[in-house]
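Okay, here's what each chain looks like letter by letter:
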Amino acid sequence: MVEHRKGLNRLLFWLYSGQGKWPSIFRWSMLAFDLFTISIFLVHPLVSWHDGVTESTGFLLYLDIFIAVVITLDFLARFYIERHKWRFFLRATNIADLLVVATLIVPIFAQNLIFLRVLRVIRLVRAYEYLDQKHAFSKWLNINSFVVSKVVNLIVFVFIMTAVVYVNQVHQNPK
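Report on the accompanying structure. For clarity, every value in this text was computed on a predicted model and none was experimentally measured.

## Description of the overall build of the chain
In step 1: Per the secondary structure count, the chain includes eight helices and zero strands.
In step 2: When its helices and strands are written in sequence order, the chain yields α-α-α-α-α-α-α-α.
In step 3: For the chain, with 175 residues in total, the buried portion stands at 37%.
In step 4: Intrachain contacts of the chain at a sequence separation of at least 6 include 59% that bridge at least 24 residues.
In step 5: For the chain, the exposed area adds up to about 11300 Å²; of that, 70% sits on carbon and sulfur atoms.

## A few points about the side chain of Glu82
In step 1: Along the chain, Glu82 falls in the loop between α3 (58-81) and α4 (85-88).
In step 2: Looking at Glu82, its side chain comes within polar contact range of the side chain of Arg91, at 3.0 Å.
In step 3: If near-sequence neighbours (up to four positions away) are discounted, Glu82 is found in contact with Phe88 and Arg91.

## Remarks on the packing of helix α1 (residues 7-17) against α3
In step 1: The contact between α1 and α3 brings their axes to 9 Å, and the two run at 110°. For the element pair α1 / α3, the angle class is roughly perpendicular. Considering the relative orientation of α1 and α3, their crossing is left-handed. Contacts between α1 and α3 involve Leu8, Asn9, Leu12, Phe13 and Tyr16 on the former and, on the latter, Asp74, Ala77, Arg78, Tyr80 and Ile81.

## Quick look at a nonpolar patch on the surface
In step 1: A cluster of nonpolar residues, Leu8, Leu11, Trp14, Trp22, Ile25 and Tyr80, forms a patch on the protein surface that exposes about 600 Å² of accessible area.
In step 2: Of all the elements in the fold, those that place two or more residues in the nonpolar patch are α1 and α2 (21-48).
In step 3: When residues of the nonpolar patch are assigned to their parent elements, the largest contribution, three residues, is made by α1.
In step 4: In this structure, Leu11 sits in helix α1.

## Here's the deal with the nonpolar core
In step 1: Membership of the largest hydrophobic core is limited to 11 residues, which are Phe33, Ile40, Phe41, Leu60, Leu63, Ile67, Ala68, Ile71, Val100, Val101 and Leu104.
In step 2: Broken down by secondary-structure element, the contributors of at least two residues to this core are α2, α3 and α5 (92-105).

## Section: the packing of α3 against α5
Two quantities define a packed helix pair, namely the angle between the helix axes and the distance between the axes.
In step 1: Running from N to C, α3 and α5 point in directions that differ by 150°, and their axes come no closer than 9 Å. The pairing of α3 with α5 is recorded here as roughly antiparallel in orientation. Between α3 and α5 lies a crossing whose hand is left-handed. Contacts between α3 and α5 pair Asp64, Ile67, Ala68, Ile71, Thr72, Asp74, Phe75 and Arg78 from the former with Asn94, Asp97, Leu98, Val100, Val101, Leu104 and Ile105 from the latter.
In step 2: Of the residues assigned to the contact of α3 with α5, the class counts are nine nonpolar, two polar and four charged.

Reading the values: the criteria
- Residues numbered from 1 in each chain as written.
- Predicted model: local features only at pLDDT ≥ 70, side-chain atom pairs only at ≥ 80, totals over all residues.
- Heavy atoms only, no water.
- Helix = DSSP H or I, 4+ residues; strand = E, 2+ residues; numbered from the N terminus.
- Buried < 20%, exposed > 50% of the residue type's maximum accessible area, 1.4 Å probe, protein only.
- Contact = heavy atoms within 4.5 Å.
- Areas by Shrake-Rupley, 256 points an atom, 1.4 Å probe, with all protein chains shown as cover.
- Polar contact = N/O pair within 3.5 Å; in protein donor to acceptor, adjacent residues only side chain to side chain.
- Axes fitted to C-alpha atoms, helices over the stretch in contact; angles between N-to-C directions.
- Parallel < 35°, antiparallel > 145°, perpendicular 65-115°, else oblique.
- Left-handed = near helix turned anticlockwise from the far one by under 90°.
- Patch = residues over 30% accessible without salt bridge, like charges linked within 9 Å, V, L, I, M, F, W, Y side chains within 5 Å.
- Salt bridge = Lys/Arg side-chain N within 4 Å of Asp/Glu carboxyl O.
- Core = buried A, V, L, I, M, F, W, Y, C linked by side-chain atoms within 4.5 Å.
- Nonpolar A, V, L, I, M, F, W, Y, C, P; charged D, E, K, R; others polar.

As structure tokens, this is what we get:
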């Protein structure tokens, strides 16, 4: 099959799905970023939501903007290398990324939807797919793939349900 990718598209495709040192470093960096954002989104409400004030200020505002920029650039890069553009918007991870960015850059209008940031956890599914390709993990993941996929799904479900309960109870139940 003849490769039709050229220039930036070829480079981005190589980073996102290629083999070698730099694609591996890139994907591990994205995995670290995903885990970082998930942890920030879990800690953020505990640190900043006092007396019913949910908007980000100071350092947290700049951190939200930085995260939004990185997620947006990642989203645009993945969209750019997608051959079938319409399929791109049918994937849950891409829809989740759009919702997360919306809660980061439109806090005035989306404060009630800030719990949707926890949808970033869906990215763990993508991390699982990447780790499945790695040879060191491959044998173990192949043997335990059913259990691992169910654990990842359970974690995603628990995070999302916890966020929904928290948002529904934060102003009504002080405990």
